[in-house]
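# A look at the structure
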Amino acid sequence: MAVAAMMATIGATAQNVRHDIGTFTLKPAVGLSVGSLGGSFTYYYVKIPGIKTDFKDELRGAFVGGVEAEYYILNWLSASGGAYYTMQGWRMEEKVSGSKWNVNLDYLNIPVLANFYVLKGFALKVGIQPGFLLSAKNDGHDFKDACKGFNLSLPIGLSYEFKNGITIDWNTNFGLTPINKESTTDDNYRSNCAWLTLGYKFSL
């Protein structure tokens with residue numbers, strides 16, 4: 001709310017968007033997603049049952065692509081909704097043995113955003129993002145049945161649209177709900193993700 005109030009104050013005196021009020025635009029986009037582990041996670045050393053062991057998690061770089069529609073409400077404010085296929089997840093390394101494996105999570109994400117245009121073509125973005133799990137694999141083994149089918153995250157980002165319609169977006173998505181069905185205080189892991197996309201925006 002504080003951010004929205006600040007953006008309203010800034011935008012009230014400026015013509016900040018490249019599109020007229022009441023305009024609908026469509027933007028297909030593709031890019032790179034970077035997934036990471038959020039929440040809490042306990043790993044038990046397989047060679048000594050019941051014994052916890054340390055691990056470290058690493059980022060997973062993969063693909064994101066989709067389309068987004070945007071409606072310009074004011075000269076500094078728009079609302080948008082999109083549908084993106086996003087490859088999320090993370091890499092892990094068990095410190096005792098040094099063994100590594102990948103946790104791959106693929107989602108259909110539906111970001112719903114408010115876009116605050118602080119400068120012409122440049123927007124700050126915040127909203128809510130429902131996500132629907134398409135596949136889940138742990139080192140190649142399917143574990144979708146152990147995961148929740150619905151995921152909710154908080155997207156925060158920024159974008160810049162050039163005069164020719166080419167748009168660059170950066171979005172950081174913080175997982176709000178655990179992805180594992182049997183979640184506990186120690187095992188309550190979440191899927192965070194950030195993506196950088198290149199798109200083309202055109203009016204309908």
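Attention in this report is confined to the structure presented alongside it.

Analysis parameters
Residues numbered from 1 in each chain as written. Predicted model: local features only at pLDDT ≥ 70, side-chain atom pairs only at ≥ 80, totals over all residues. Heavy atoms only, no water. Helix = DSSP H or I, 4+ residues; strand = E, 2+ residues; numbered from the N terminus. Buried < 20%, exposed > 50% of the residue type's maximum accessible area, 1.4 Å probe, protein only. Contact = heavy atoms within 4.5 Å. Areas by Shrake-Rupley, 256 points an atom, 1.4 Å probe, with all protein chains shown as cover. Core = buried A, V, L, I, M, F, W, Y, C linked by side-chain atoms within 4.5 Å. Pairing = 2+ DSSP bridges. Phe/Tyr/Trp six-rings, centres within 6.5 Å; stacked < 30°, edge-to-face > 60°. Salt bridge = Lys/Arg side-chain N within 4 Å of Asp/Glu carboxyl O.

Let us look at the overall build of the protein chain. Within the protein chain, the secondary structure is distributed over one helix and 14 strands. Relative to its 204 residues, the protein chain shows a buried fraction of 44%. Contacts spanning at least 24 positions in sequence make up 66% of the contacts within the protein chain whose residues lie at least 6 apart. Summed over its atoms, the accessible surface of the protein chain is roughly 10300 Å², and 64% of this surface lies on carbon and sulfur atoms.

By size, the foremost hydrophobic cluster in this structure holds 13 residues, and its most contacted members are Trp 90, Val 103, Leu 105 and Phe 143. Of all hydrophobic cores here, the second largest spans five residues; its members include Ala 29, Tyr 84, Cys 193 and Trp 195.

Moving on to unusual backbone geometry. For residues that are not glycine, phi is negative in most cases, and the peptide bond is trans in most cases. Positive phi, normally seen in glycine, also occurs at Asp 139, with a value near 55°. Inspection of the secondary structure assignment puts Asp 139 in the loop between strand S9 (122-138) and strand S10 (141-142). Since its relative accessible area comes to 46%, Asp 139 is described here as partly exposed.

Burial of the side chains of strand S11 (residues 150-161) is restricted to one face: Asn 151, Ser 153, Pro 155, Gly 157, Ser 159 and Glu 161 are buried, whereas none of Phe 150, Leu 152, Leu 154, Ile 156, Leu 158 and Tyr 160 on the reverse face is. For S9 and S11, the ladder comprises nine bridges, and the chain directions are antiparallel. If you follow Leu 124 over to S11, its bridge partner there is Leu 158. Of the strand pairs in this sheet, S11 and strand S12 (residues 166-175) are connected by nine bridges, and their pairing is antiparallel. The residue bridging Gly 157 from the neighbouring strand is Asn 171, located in S12. Linking S11 to S12, which pair antiparallel, is a turn of four residues; within it Gly 165 sits at a positive phi near 95°.

Turning our eyes to something else, we now look at the environment of Phe 174. In this fold, Phe 174 is placed in strand S12. Ignoring any residue separated from it by four or fewer positions in sequence, one finds Phe 174 in contact with Leu 152, Ser 153, Leu 154, Ile 156 and Asn 192.

Glancing now at the packing of aromatic side chains. Counted by the stated rule, this structure contains nine aromatic pairs. Seen in terms of ring centroids, Tyr 72 and Tyr 117 are 5.9 Å apart; in terms of plane orientation they differ by 35°. Their pairing is tilted. Within this pair, whereas Tyr 72 is found in strand S5 (residues 60-72), its partner Tyr 117 is found in strand S8 (residues 112-119), the two being separated by 45 residues in sequence. You can call Tyr 72 buried: its relative accessible area is 0%.

Attention now goes to the side chain of Asn 171. Structurally, the position occupied by Asn 171 is in strand S12. If we ignore the near neighbours within four places in the chain, the residues touching Asn 171 are Leu 113, Lys 125, Ile 156, Gly 157, Cys 193, Ala 194 and Trp 195.

With that settled, the discussion passes to the pattern of salt bridges. Evaluated as defined, the whole model comprises seven salt bridges. In this structure, Glu 68 engages Lys 27 in a salt bridge whose closest nitrogen and oxygen atoms are separated by 3.9 Å. Pair noted here: Glu 68 is in strand S5 and Lys 27 is in strand S1 (residues 24-40), with a separation of 41 residues, a long-range link. Pair check on accessibility: Glu 68 and Lys 27 agree, each one buried. Across the salt bridge formed by Asp 169 and Lys 125, the nearest N and O atoms sit 3.5 Å from each other. Here Asp 169, found in strand S12, pairs with Lys 125, found in strand S9; they are 44 residues apart in sequence, far enough to count as distant. This pair shows no difference in class: Asp 169 is buried, exactly as Lys 125 is.

Next up on the list: the environment of Tyr 71. Mapped onto the elements, Tyr 71 comes out in strand S5. Taking the relative accessible area as the measure of exposure, Tyr 71 reaches 33% and is therefore partly exposed. The spatial distance from the C-alpha of Tyr 71 to the C-alpha of Asp 20 is 9.7 Å, given a sequence separation of 51 residues. Excluding anything up to four places from it in sequence, Tyr 71 contacts Gly 22, Thr 23, Phe 24, Ser 78 and Ala 79.

Read these as geometric descriptors, not functional statements.
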